Amino acid sequence: MAQILLRHREIPDINKLPVYKKNGGFAAFKNAVTKMKPAEVTEVVKNSGLRGRGGAGFPTGMKWSFIDNKNWPHYVVANADESEPGTFKDREIMEGNPFQFLEGVAIASYAVGANVAYVYLRGEFWELAASLDEKIAEMEEAGYLGDKLFGTNYSLRMYTHLGAGAYICGEETALLESLEGKRGQPRVRPPFPPAVGLYGKPTVINNVETFANVPMILANGAEWYKTMGTADSAGVKIFSLSGRVRKPGNYELPFGTTFRDLIYKHGGGVQDSRTVKAIMPAGASSSLILVDNDKILDTPMDYATVRTLGADLGSASVIVVDDTVPMDWLVNKTVHFFKHESCGKCTPCREGTYWMSHLTERIHGGHGSKADVDLLLNVAKQMQGKCLCALGEFSTMAVVSGIERFRQDFDHAVKA
Amino acid sequence: MSKQVTLTIDGKQVTVPEGLNVVDAAKMAGIDIPVFCHHPKLEPVGMCRMCLVEVGRPMRDRATGQFVIENGAPKIQFMPKLETACTNKVEEGMVVLTQNEKATAGQKGTVEFLLTSHPLDCPICDKGGECPLQNLTMAHGPGQSRFIYDEKMHLDKQVPLGELIYLDRERCIQCARCIRFQDEIAGDSVLGFDERGRTMQIVSLSDPGFDSVFSGNTTDICPVGALTTADFRFGARPWELDASPSICTQCPVGCNTTLNTRREAKAGGEIVVKRVMPRQNEEVNEIWLCDKGRFAYHYAESKQRLSKPMIRKDKKLARASWDAATKLAAEKFLKAKKDFVVLASGRLSNEDLFNLKTLADHAGGKSYLYSHMAGGELTTLVGVSAGTNFGTMGKGTAIVVVASDLYQEAPIWYLRVKQAAKRGATLIVLNPRKTKLDRYASFSVRYDYGGEAKAVHDLTKKSKASDALMKAENAVILYGSEGVGVAGSQSLATACAKLLNENGFTGRPNNGLIGVWERANDQGAWEMGFTVEDDLAKALKGKSVYVVGADPVNDDPKLAKALAEAKFVAVQDVMETATTEIADVVLPAQAFTEREGTLTSGERRVQRFYPAVPVTGDAKPDFAITAQIARNMGVILEGTSVSVVFDLLVETVKSFEGLNYAKLAEVREQFPIVGRGDMYYGGTTYENKHGLGVHLSSAATRGERLSIPRVQKEAVPHPKEKELLAVPVNKLYHRGTTVVSAELLHERIGDASVSLHPDAAQRLGLRAGQTVSVNFNGTSGQAVVKLDDTIDEGVALVPRSMGIAIRAPVAVKVKA
């Protein structure tokens with residue numbers, strides 16, 4: 001199947017403006033600005049069934065339609081913070097097929113009436129930011145950004161902004177705080193960004209991959225997009241495959257592709273031909289899917305079906321865990337990550353991740369007791385549903401699912 | 001009245017104003033939802049997760065939008081997770097459960113999480129006994145910790161954020177109340193978080209550290225013992241302290257305070273004031289206090305306190321009896337007849353000033369208020385009156401601030417004016433230079449020093465500022481004494497009064513004139529009929545002078561000379577001063593902490609203060625000393641009961657009509673509800689149980705015919721070449737006797753300074769930090785050069801009460 005997002009794999013030099021243009025680039029944006037009303041653009045995206053690719057899977061068109069039209073100006077922000085361990089798809093899009101992403105941002109801006117759009121990149125993406133700056137300058141020169149675009153009254157400027165390397169800044173409200181020049185700490189929601197966003201103004205914020213889908217949807221229509229994927233999750237998804245597989249990498253596949261196909265057909269199977277013990281479908285934030293029978297691997301990957309396995313598809317950063325990995329080791333890793341990245345704003349996350357890290361350290365180090373495992377589970381559950389943002393919740397996912405589904409590994413660790 | 005919303009909290013039906021959050025609404029209904037980060041004066045942030053409750057809302061039918069009815073009542077849909085009560089606003093029909101199993105477990109969990117990092121050093125913590133964390137742990141926390149003690153983080157316990165406030169990093173629970181207070185209330189964003197996660201910590205972002213005159217308030221609202229004042233830390237346990245209501249005497253705002261006292265071994269077993277705390281008065285200081293008010297109380301316990309009357313014998317002051325001292329003074333004053341002069345300051349109470357004025361009038365003498373600022377008689381005509389409250393000013397009200405740097409002169413007014421501007425009041429700031437208040441001004445108007453009255457008059461001419469002012473429904477003008485002396489402030493006050501009077505901004509709540517006076521009760525002196533004298537030296541020369549509560553000898557060499565040449569000088573004060581040293585008779589007065597009385601704030605609110613500590617030596621209250629002298633002169637004044645003096649005052653002074661001590665002690669319910677057992681809600685500020693005070697009437701509110709005099713043009717000195725126009729400005733921390741006794745403030749007081757424009761400094765060959773002499777009128781003073789490019793090249797700013805006696809603009813030579 002032809003690639004929709006990772007088109008650079010098939011079309012050489014599509015990261016150059018003339019090549020992108022030759023391959024239909026900016027036609028969708030021009031058509032939208034010159035021939036469509038903003039609400040019509042939103043309607044097409046709504047009808048396509050496109051869901052946010054950042055992790056939560058919220059319907060994109062619906063998000064755009066929530067923008068508060070009584071309060072101006074509006075902003076569009078691209079979340080290019082890509083900080084979930086095991087996720088590396090946005091980077092490839094921005095490196096290989098940057099104009100499609102930027103065109104998506106431009107179309108979204110037109111749809112919600114924003115005249116300024118920001119691309120917020122994680123701090124480590126400084127080379128990428130510099131390259132995007134060049135692309136933006138080229139777009140300005142070519143008349144795709146600037147004042148009175150295509151002879152209409154619509155104007156749009158775009159800017160990149162580098163974060164300082166904090167995981168939390170991938171959370172949309174922390175990102176907005178950081179973009180405003182403040183500490184990257186999440187805000188209480190509601191209000192959500194479409195009502196109160198950047199500088200207190202209505203803001204649409206979407207993931208890079210989400211934006212990259214938009215020009216293709218506008219060019220080919222909502223119905224075309226829905227021919228791919230499943231009823232629950234339309235279209236294609238880039239799966240970032242990592243862990244104990246032979247060929248880790250990004251795989252653009254329709255929703256509904258099974259774990260088995262991803263791991264064995266595309267990923268070349270498990271290293272050393274071992275068996276899959278667990279899958280983390282959404283990076284470090286995942287619940288651990290227990291792969292205790294063959295059927296599990298035949299589960300089609302879309303938002304609704306993965307949930308039946310007691311996990312979220314999230315950003316589809318699929319980490320494969322084989323039978324050599326003790327879960328107490330894995331959970332210790334994820335907990336340390338979240339302890340390190342907790343912003344400190346709310347009590348359960350700040351104190352809970354710190355506490356859990358002491359417990360997982362003790363258990364994995366062989367100094368723990370059965371009571372420590374029970375306590376760890378209890379502390380994680382005590383955090384759940386109490387935190388200010390999703391980070392704190394995420395930190396408990398691997399802990400709770402790990403202990404509940406792989407208790408024997410923990411019991412073994414404390415016995416040793 | 002705002003729209004009301006009815007909801008149910010723990011089965012209790014509650015009707016509260018729309019827009020309140022659930023914590024505040026519950027509080028009004030007598031239900032305490034535990035909080036740490038939420039404070040009723042700050043925007044909710046939902047950080048600490050202590051106020052977790054279950055929230056349900058009436059379900060609506062998607063199609064019709066109508067409530068779904070089940071068993072005759074709207075069906076309630078509960079949120080899947082616990083919600084923070086502080087970030088949820090009340091809604092019609094909302095159901096809140098604060099004490100069911102789910103909510104209780106959530107609250108308990110939060111306390112347990114907080115305690116995993118908290119050092120639990122309550123036995124050595126200043127906050128122990130009045131600590132929200134301690135109280136909420138007892139009420140909601142687990143009995144035992146599951147966290148291993150040895151795994152606790154160890155952090156610095158004595159981090160000075162500035163010289164006034166210390167941070168204990170272990171105790172901090174990262175609620176950000178202090179940061180948010182500084183950002184939202186004080187407007188000095190000098191605190192912030194550093195690092196993240198469990199290593200996140202409070203830091204000062206300013207140089208000097210914690211550079212704000214409101215810093216002490218953060219220790220009141222800190223819900224743990226993380227922030228303590230350098231003044232009180234390790235000073236006492238809260239339960240050992242007694243509390244006496246008082247009024248701050250440092251400026252004309254009249255902040256309500258509570259003096260915490262205890263018997264102190266270090267003070268030889270005497271009862272002393274251990275700390276000054278704010279006492280709630282939402283119409284005056286809300287629940288705040290500036291650092292000067294909080295820390296500069298030490299003069300009352302100074303070693304320089306006078307304790308015995310003295311009479312000069314053989315050129316030396318020697319102890320004498322009250323009888324002898326007052327008789328001698330009386331004899332001299334009687335003999336002086338019309339050459340008898342009372343020189344009294346606004347440090348005194350209304351009762352003291354009333355007795356002094358009555359005595360001067362009966363004896364045929366003169367009575368002057370010791371102040372560099374005039375125009376007070378106009379405030380008795382068109383001053384603000386009943387119903388005036390900065391807290392209710394917003395859209396529709398114009399606030400004009402002229403010739404005053406409110407941040408330095410009356411910090412709490414600065415806060416309240418700033419908040420009013422944020423609520424939509426039109427703020428017009430007129431000053432030759434930029435002040436902190438300009439940040440919040442709708443209009444900043446600049447004029448040259450000397451052009452104050454004209455600048456105010458010009459507000460009636462066509463301009464954007466004038467349009468906004470004239471369109472306003474209400475207007476108040478606060479006028480100060482930056483760059484003006486007696487004559488200048490007289491012209492300025494007249495121009496202000498005229499503007500108010502001619503445009504209908506008088507006689508109604510939130511309308512009228514406010515003087516930003518030098519002292520706490522200057523307003524009271526004006527009400528009693530005191531006047532100021534431009535050429536005070538001339539007025540004192542050769543007279544028999546009764547100096548009360550003032551130190552002119554220290555302030556001004558010219559006045560020192562005049563008093564040296566006076567016929568007789570009796571000085572009544574609480575402390576030894578340069579003026580008591582040249583006195584013929586010295587009369588020791590009680591400090592405000594030792595007695596009872598009333599003060600009139602600049603907003604013309606009369607408020608009572610109460611005794612807190614025992615009397616020093618044989619000192620007597622000022623009104624009683626005056627009555628004793630009067631008796632010896634054949635004038636009968638009340639000298640025993642201060643409330644009787646007040647009753648007599650009420651009979652004589654029209655603006656006080658109808659008042660009595662009982663009325664002044666009346667209180668009403670205030671919001672937020674603070675100072676009760678639930679310290680976590682409002683902080684350690686005290687509830688007001690002893691009186692909110694009462695406004696005076698003005699000639700305008702009484703409907704009297706007003707006649708405002710013409711504005712007299714003031715002649716401003718014109719500096720010659722190589723001279724600068726030195727203008728006096730006011731500084732919060734200065735070398736006045738009531739401030740300088742607080743050693744803690746010395747760093748903030750600093751040296752006498754002269755601020756020059758960089759170009760002026762360059763022209764004179766001077767650099768920043770250099771010590772120079774400022775020469776004028778045959779005298780000179782030493783000062784350190786500061787550079788300030790916001791001022792005019794031709795002027796030199798000289799702070800008052802810092803050792804250089806510039807009371808009004810004067811031409812000076814500044815030399816290395």
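Rules used throughout
Residues numbered from 1 in each chain as written. Chains lettered and ligands numbered in written order. Predicted model: local features only at pLDDT ≥ 70, side-chain atom pairs only at ≥ 80, totals over all residues. Helix = DSSP H or I, 4+ residues; strand = E, 2+ residues; numbered from the N terminus. Rg over C-alpha atoms; globule rule 2.2 N^0.38 Å. Contact = placed C-beta atoms within 7 Å. Nonpolar A, V, L, I, M, F, W, Y, C, P; charged D, E, K, R; others polar. Buried ≥ 20, exposed ≤ 12 C-beta atoms within 10 Å, placed from the backbone. Axes fitted to C-alpha atoms, helices over the stretch in contact; angles between N-to-C directions. Parallel < 35°, antiparallel > 145°, perpendicular 65-115°, else oblique. Left-handed = near helix turned anticlockwise from the far one by under 90°. Pairing = 2+ DSSP bridges. Expected span 1.5 Å × (residues − 1).

**Q** Quick rundown of the overall build of chain A? Include the residues and the values.
**A** Counting its regular elements, chain A contains 17 helices and 9 strands. Rg of the C-alpha trace for chain A: 22 Å, near the compact-globule value of 22 Å for 416 residues, within the 12% margin. Once the C-alpha set of chain A is aligned to its principal axes, its extents read approximately 75 × 45 × 35 Å.

**Q** Break down the interface of chain B and chain A for me, with residues and values.
**A** Across the contact, 25 residues belong to chain B and 22 residues belong to chain A. A total of 7 residues in the side of chain B that touches chain A trace back to one element, the largest contributor, which is helix H2 (residues 101-117) of chain B. In terms of residue class, the side of chain B that touches chain A is made up of 10 nonpolar, 9 polar and 6 charged.

**Q** Account for the environment of B:Val16, naming residues and giving values.
**A** Residue and element names in this part refer to chain B. If you trace the backbone, Val 16 turns up in strand S2 (residues 12-17). With 21 C-beta atoms counted inside 10 Å, the residue Val 16 sits in the buried group. In this structure the C-alpha to C-alpha distance between Val 16 and Val 90, which are 74 residues apart in sequence, comes to 8.3 Å. Setting aside its immediate chain neighbours within four residues, Val 16 contacts Gln 4, Val 5, Ala 25, Met 28 and Val 90.

**Q** I'd like a rundown of helix H3 (residues 132-140) of chain B, residues and numbers included.
**A** Among all positions in H3(B), only B:Pro132, B:Leu133, B:Gln134, B:Leu136 and B:Thr137 are buried. Contact partners of the buried residues in H3(B): H2 and helix H23 (679-682) of chain B.

**Q** Go over the environment of B:Ala665 with me, naming the residues and quoting the values.
**A** Residue and element names in this part refer to chain B. The topology assignment puts Ala 665 in the loop between helix H22 (661-664) and H23. Judged by the 17 C-beta atoms lying within 10 Å of it, Ala 665 falls in the partly exposed class. Spatially, the C-alpha atom of Ala 665 lies 43 Å from that of Gly 450, the residues being 215 residues apart in sequence. Not counting chain neighbours up to four residues away, the residues in contact with Ala 665 comprise Arg 608, His 690 and Gly 691.

**Q** Talk me through the packing of helix H14 (residues 347-364) of chain A against helix H16 (residues 390-405) of chain A; I want residue IDs and the actual numbers.
**A** Residue and element names in this part refer to chain A. Between H14 and H16, whose axes approach to 9 Å, the crossing angle comes to 25°. In terms of their interaxial angle, H14 and H16 are classed as roughly parallel. Considering only the axes of H14 and H16, their crossing is left-handed. Judged by residue contacts, Pro 348, Cys 349, Gly 352, Thr 353 and Met 356 of H14 engage Leu 391, Gly 392, Ser 395 and Val 399 from H16. Residues belonging to the contact of H14 with H16 are distributed by class as follows: 5 nonpolar, 4 polar and no charged.

**Q** Go over the pairing of strand S32 (residues 724-729) of chain B with me, naming the residues and quoting the values.
**A** Every other side chain in a regular strand lies on the same face of the sheet, so the side chains alternate between the two faces. Among the 6 residues in S32(B), 6 count as buried, and that is most of the element. Because side chains alternate across S32(B), one face comprises the buried residues B:Leu724, B:Ala726 and B:Pro728, and the other comprises B:Leu725, B:Val727 and B:Val729, equally buried.

**Q** So what's going on with the sheet that holds S32(B)? Which residues, and what values?
**A** Residues and elements named next belong to chain B. Read around the barrel, 6 strands follow the order S32-S36-S33-S35-S34-S37 and close on themselves; strand pairing throughout is mixed. When the angles between neighbouring strand axes are averaged without regard to direction, this sheet yields 45°. As judged from the 5 bridges shared by S32 and strand S36 (residues 795-799), these two strands associate in the parallel manner. Looking at S36, one finds that Leu 725 is bridged to Val 795.

**Q** An account of the pairing of strand S34 (residues 771-776) of chain B is needed here, citing residue identities and associated values.
**A** Residue and element names in this part refer to chain B. With burial as the criterion, only one face of S34 is covered, namely that bearing Val 772, Val 774 and Phe 776; the residues Thr 771, Ser 773 and Asn 775 on the opposite face remain uncovered. Hairpin connection, S34 to strand S35 (residues 779-787): the antiparallel pair is bridged by 2 residues, and Asn 777 has positive phi, about 45°. Two elements, S34 and strand S37 (residues 810-815), share 3 bridges in a ladder whose sense is antiparallel. Bridge pairing links Ser 773 to Lys 815 in S37.

**Q** I'd love a proper account of helix H7 (residues 322-336) of chain B, names of residues and values included.
**A** Residues and elements named next belong to chain B. The terminal C-alpha atoms of H7 lie 21 Å apart, and with 15 residues this matches the ideal 21 Å at 1.5 Å per residue to within 8%. Taken together, the buried positions of H7 are occupied by Ala 325, Thr 326, Leu 328, Ala 329, Ala 330, Lys 332, Phe 333 and Ala 336. Immediately beyond the C-terminal end of H7, within one or two residues, lies Lys 337, with a positive phi of roughly 50°.

**Q** Mind laying out unusual backbone geometry, listing which residues take part and the relevant values?
**A** For the peptide bond that leads from B:Asp207 to B:Pro208, omega is 5°, which places it in the cis range. Along the chain, the position of B:Pro208 falls in the loop between strand S12 (201-204) and helix H5 (217-221). For A:Phe150, which is not glycine, the phi torsion reads 50° and is therefore positive. You can see A:Phe150 is positioned in the loop between helix H7 (126-141) and strand S3 (157-162). Positive phi values are uncommon outside glycine, yet A:Ser273 reaches one of about 55°. In this structure, A:Ser273 sits in the loop between helix H11 (259-266) and strand S7 (276-280). A tally of 8 C-beta atoms within 10 Å means that A:Ser273 is categorised as exposed.

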